[in-house]
Amino acid sequence: MSKDENIWQDVFHAFRCEGDVESISQYGSGHINDTFLVVTKGGNNPNYTFRCVNTNVFKNIDGLMQNIAYVTEHIQHKILNDDAYQAAQGMELIRTVDDKHYYKDKLGHIWTCYTFVPGQTHEHYHNLKLPEQAGQAFGQFICMLQDLDPNKLCESIPSFHDINLRLSQWEEAKIQADTKTIAECQAWIDFVESRLEAMQRLPAMKASAELPVRITHNDTKCNNVLFNDHDEAVCVIDLDTVMPGVIAYDFGDAIRTATTSHAEDEKDINKVKFNREAFDLFTKNYIKQIRAFATDDELLSLSNTVTYISFLLGLRFLIDHVAGDVYFKTKYRGHNLIRARNQFRFVEILEENQAWIDQVVRQYSQITEKVI
C-alpha cells in the first residue's frame, strides 16, 4: 500500500481524527501489516498510526477489531482508575465517524487507526536495560488483562501456536514442493523430525487444561515494545494477535528476541548467540509481574517454552520457503530459509543452556521442588 495514493484523504477523514494531514510515512517493520505514521498540521492536534490490515492473514476482521477494542478500552480504564497502573500507557483505538472499529476503503483495503504514542522500537536489545524493561512491560500487559474473560475474545489467527496445524501445513508444502527445494532443506527437515516428540509437551499441557487459558499478546518480539529516549518501556504495541492463549507462549516468544543481538535474517549463523544476562533480567521482571496470579505449572512451563516458540517459528519460516514465500514478506528467494536456519540454531543453543534456564525460572518463581 503506497503512502502516495489519493485514497489517503478518504481514509484519514473516515476516522474521528483531529486536524488535517501534513505528512505520511512508513512506520515500523512488521512482516504482516503495513503501518503508517500520519502527522497532522499545526502541531496542536494528535498524530496517528494507521494500519492497513493484511486480510490474507486476518480473515475475521470483525473479531480481530472486537478483540483489540475490548483490550485497549480495558487498559485505558485501568490506567485511569487503578493506582497500580497510573504510570502506564496504552494504545488508544480511534473509531470511525460512523462508530466502527475499522474502515474499508473503495479499493477494499481494511484500515485501523490509533492515537500515535511517541517512542522508538528496537529490532534487538542493544543494552541490558532494554530486556529488563521489556520483561516488566510484557508482564504488566498480561497482568492488566487478568480480570477479563478470555472467552469473550476470538482467535484472530486460529491455532496460531498449534504445532499440529503447522505440521499439517508442512506435510502439504513438502508434497507440492519440487525435489530441488526439498534437497536444499534436508538438513532442517531432519532437525524438525528429530524434535517432534519433545515439542508436543506444552501443547498437550494446554489441551489438558494444566495451563490455564488467559488473554495473551502472542507476538512478544522486541519491536512490539515502545521505549522512550531513556530506554524505559512506554507501552506494548501491535495488538493484532491479542487473543486467548497461555503465558508460556508469550514468554518463549519474548525470549527469542530479548536474548539475541543478531538480525532474524542474519546470514552468518555463527552470530546466533544467547545472552544469559538478558535472559536473567527479562525473566526476573516478567515473573515479578505475573507471580501473584500465575500457577506453579504456568511458572515452571516458562523454561520449557523457550525452545518451543523458536522451533515453531523456524518451522513456519521453513514452510513458507518450501511453499514459495506466500505468507511472510521477503526480500529475496531463500530469505525465509535463512530465517528458519537461524531459529533452529537458536533452539540448539537453548537446549545447551536448558539446565541453567530451569534454575533461573525456579529461582524467580520461588519454586524449588515441583517437577513439570
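Overview of the structure. Keep in mind it's a predicted model, so treat the numbers as computed, not measured.

1. A word on the sheet that holds strand β5 (residues 110–115)
On the basis of which strands lie adjacent, the open sheet formed by five strands has the order β1-β2-β3-β5-β4 and antiparallel pairing. A strand with exactly one partner marks an edge of an open sheet, and here the two such strands are β1 (21–26) and β4 (103–104). As paired strands, β1 and strand β2 (residues 34–40) are joined by five bridges and run antiparallel to one another. Paired with Gln26 across the strands is Phe36, a residue of β2. The strands touched by helix α2 (residues 61–81) within the sheet are β3 (48–53) and β5, with β5 carrying the most contacts at an inclination of about 5°.

2. What about the pairing of β2?
In terms of burial, β2 is largely enclosed, as six of its seven residues are buried. Bridge analysis of β2 against β3 gives five bridges, and the strand direction is antiparallel. Its bridge partner being in β3, Phe36 is matched across the sheet by Phe50.

3. Re the pattern of salt bridges
The final tally for this structure, using the stated rule, is 18 salt bridges. With its nearest N and O atoms 2.6 Å apart, the salt bridge here joins Asp238 to Arg51. In this pair, Asp238 is assigned in the loop between β8 (233–236) and β9 (243–245) and Arg51 in strand β3, connecting sequence segments 187 residues apart. Note that Asp325 is salt-bridged to Arg333, the shortest N-O span being 3.3 Å. Judged by relative accessible area, which is 18%, Asp325 ranks as buried. Residue classification places Arg333 among the partly exposed residues on the basis of a relative accessible area of 47%. Overlapping salt bridges, with partners in common, bring together Arg16, Glu73, Arg95 and Asp99 in one network.

Analysis parameters
Residues numbered from 1 in each chain as written. Predicted model: local features only at pLDDT ≥ 70, side-chain atom pairs only at ≥ 80, totals over all residues. Heavy atoms only, no water. Pairing = 2+ DSSP bridges. Helix = DSSP H or I, 4+ residues; strand = E, 2+ residues; numbered from the N terminus. Contact = heavy atoms within 4.5 Å. Axes fitted to C-alpha atoms, helices over the stretch in contact; angles between N-to-C directions. Buried < 20%, exposed > 50% of the residue type's maximum accessible area, 1.4 Å probe, protein only. Salt bridge = Lys/Arg side-chain N within 4 Å of Asp/Glu carboxyl O.

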